Amino acid sequence: MNESYEKSSTSTACSTPTAGALPERHHDVSDTFYTSQRKGRKYVFRVRLDINGFTLQRESPSGTILKEQTVKICNIVGARCMRLKKTRRLAVASACACSNGNPNSPAASVNRSAATPSKCSTASKENYPCDDGDVSAYLYVFAYVLKKKSLRSEFHRERTVLTLRFRSFDTFEDNMREADRWYRALRWQLHRTLESIFVVRNEEDRRRRVLVMLNPKSGSGNAREVFNMHVTPVLNEAEVPYDLYVTKHSNFAIEFMSTRCLDAWCCVVAVGGDGLFHEIVNGLLQREDWAKVLPNIALGIIPCGSGNGLARSIAHGYNEPYFSKPVLGAALTVISGCSSPMDVVRVQLQSRSLYSFLSIGWGFISDVDIESERIRVLGYQRFTIWTLYRLANLRTYNGKISYLLTEQQQPSEQEEDTSHTPQLKMQTSRSCNTHIDKLSNTTNNNPSFHHSTEYLPHEFADVISLETSINQSFRSRCDSWLSGGSRRSYYYSISESIYHSLADESDIAVQAAIALENRQQNFGPTSSLPELDEPLPEDEGWLVEEGEFIMMHAVYQTHLGIDCYFAPKAQMNDGTIYLILIRGGISRPHLLSFLYNMSTGTHLPEVNNEYVKVLPVRAFRLEPHDNHGIITIDGERVEFGPLQAEVLPGIARVMVPK
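A brief look at the structure comes next. If you're wondering where the values come from, they're calculated on a predicted model, not measured in any experiment.

**Digging into the pairing of strand β20 (residues 397-405)**
The element β20 is largely enclosed, with a buried count of 7 among its 9 residues. The sheet contact formed by β20 and strand β24 (residues 543-555) spans 7 bridges and is antiparallel. By the bridge assignment, Tyr403 is partnered in β24 with Leu543. Sheet topology note: the β20/strand β28 (residues 612-624) ladder contains 7 bridges and is antiparallel. From the neighbouring strand, Tyr403 faces β28, where its bridge partner is Phe620.

See below:
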């Protein structure tokens, strides 16, 4: 160990000389690192990287292990190799995903008054001038671990940077080669945790490209800024290449997904609300080759809408923190490399068929969802305000609802149903009033992502530099040359990632609408139900509810919105539609109690009663007797009239946390 390391005032670990180079394909690496503190204390750490992650063992001078901690591989996102620059002006000028020239960056947190990491690549071996002649190479490992500010607070994801300094050799090239060896070992370990559709298997395993569809009008209209400031940094750290399309007209996502060749992408990510996700699902199922495409492409969502039911349901189903940093959690999910089957419901209307991933509504909730559009500027609070208004001006609807119970639910048990906690698909806010922007850009990167299930003790603070998301100014953005709040259409993200835009497309919306109207052929799975104008077969067990209703809502996810825990026992792939019926005649206090308790999931009765019923079904038919009202599918208004729906178990795949 060179004496200069022992005198270093930084808390970054430095490597000792290695005994010899390991075989190229050997992916378990280890070495001894030292730290020196301002108080003169020195610590020895044995650091090992294997399939479990980074194991840090703090040793005594005699070699006894005093402390041990593991940064699990499932919590690690990616890494960067780089060299520090002492001149801050130069560092800012060539800032990269690892530094951005920001005082809150991981390098700055190591030594704020001196060096900051500058330009790097996947495994940078380039030699940059260094004022003090330092030939060290640095490996920055990015992870997101669970943290708790206090015993009473909730867990949240916090960005953690493990910094390893390599200074065993006399030249920067040799030290960078050693850092690159660790980087490649980590990259291999990360890629082996990915499902096969997310990675290209070859000599240089790399992440496949991601297609990002962004609706700039969703929610409060800040999806573009959210993506640039909070999602792009995570994609860069994980080295995930992506192509970004910004929608510019309604149904653009349907047209895009139904007509484009999707072979280049492994995942489609909706940056917006549930309405954009609805368009993506329907576009995929309108393809002639839907059966080939769906198993080979996963779907993800970044919550930027008003309701965000799907993102909330995914986080809830996998015990991921949501409320503190919903976008961060969703971004980590998108790069997780893990997916799960998801039920889709085929809905037949009088004039067409479409597909739903969240809910089908008639009555009270649909009225609130659509009519509250006039106060959309209030965001999610619009639902609460309009619920109170509609409760004061209560409506009833006359109709007939036929349903086919799931095979596990016998008809004789219907009246004595004891523990139905319906499971519901989340509601979407509004669909995209969108545009498509096409603009090219570049960005480079590949590997993987991860979550964490533990948080690191203070004993390792001298090896791991922590950066909370309070310091949002860093948020590693690779070579981004516009501020995150910029509303202009130019982005410079990781290499080979592309932002698409079109300068002027005044007639694109019209052409898209004509194309959709002229597409008469409906692809996707065929229906097992009779035609909508044909009677239902009595011998197949169809049951009927008829009369006055306050609402009918069919759901297949746990949450309709961020605080609407509508179906506590719902699962992504249980083959069940939870049909919730509220009859006319229910008192306003009873209905208010139902609505109030939706946030905790205690609104559903344990036993079906005269006014509220929860029915687990696999198909149903709605026949309104009135000629007015609102019907919604995934929060999107459709033509009023009879419809029938049936569940298609596990037909799609959705990105989930590890």
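**Section: the pattern of salt bridges**
Scanning the model with the defined rule gives 18 salt bridges in all. With a shortest N-O distance of 2.7 Å, Glu545 and Arg583 are connected by a salt bridge. Of this pair, Glu545 sits in strand β24 while Arg583 sits in strand β27 (residues 577-583), placing them 38 residues apart in sequence. The residues Glu545 and Arg583 share a single accessibility class, namely buried. Each member of the salt-bridge network shares a partner with another, and the members are Asp367, Glu371, Arg390 and Arg395.

**Some points on the packing of aromatic side chains**
One pass over the full model with this rule turns up 15 aromatic pairs. With 5.6 Å between their ring centres and 85° between their planes, Phe33 and Phe166 make a pair best called edge-to-face. Here Phe33, found in strand β2 (residues 29-36), pairs with Phe166, found in strand β10 (residues 156-166); they are 133 residues apart in sequence, far enough to count as distant. Both residues of the pair, Phe33 and Phe166, count as buried. Considering the side-chain rings of Phe256 and Trp265, the 6.2 Å spacing of their centres and the 40° angle between planes classify their relative orientation as tilted. Note on Phe256: relative accessible area 2%, which makes it buried. Counting every residue linked through ring pairs, the aromatic cluster contains Phe33, Phe54, Phe166 and Trp182. The lysine or arginine in question, Arg83, covers the ring of Phe172, its NZ or CZ lying 4.5 Å from the ring centre.

**So, the state of the cysteines**
Chemically, a disulfide is nothing more than a covalent bond linking the sulfur atoms of two cysteines. Inspection of every chain in the model, using the stated rule, returns 0 disulfides. Sulfur of Cys266: no disulfide; nearest cysteine sulfur belongs to Cys267 and is 5.7 Å away.

**Details of the environment of Ser402**
With respect to the helices and strands, the residue Ser402 is situated in strand β20. Note: C-alpha distance between Ser402 and Arg621 (219 residues apart in sequence) is 5.1 Å.

About the thresholds
- Numbering of residues starts from 1 in every chain and runs along the sequence as written.
- A pLDDT threshold of at least 70 governs which residues receive local features in this predicted model, and a stricter bar of 80 or more applies before side-chain atom pairs are shown or counted, although totals over entire chains, interfaces and linings include all residues.
- Values shown for side chains rest on all heavy atoms present in the structure; no hydrogens or waters enter the calculation.
- Buried residues are those whose accessible area, probed at 1.4 Å on protein chains only, stays under 20% of the maximum for their type, while exposed residues exceed 50% and partly exposed ones sit between those limits.
- The helix count covers DSSP runs of H or I at least four residues long, the strand count covers runs of E at least two residues long, and both are numbered beginning at the N terminus.
- Strand pairing is assigned whenever DSSP detects at least two bridges linking the two strands.
- What counts as a salt bridge is simple: a side-chain nitrogen of Lys or Arg found within 4 Å of a carboxyl oxygen of Asp or Glu.
- Two rings from Phe, Tyr or Trp (for Trp, the six-membered ring) form a pair when their centres are within 6.5 Å of each other. A pair whose planes differ by under 30 degrees is stacked, one over 60 is edge-to-face, and the rest are tilted.
- A ring has a charge above it when a Lys NZ or an Arg CZ is no more than 6 Å from the ring centre and no more than 35 degrees off the ring normal.
- The disulfide definition used here is simple: a pair of cysteine sulfur atoms within 2.5 Å.

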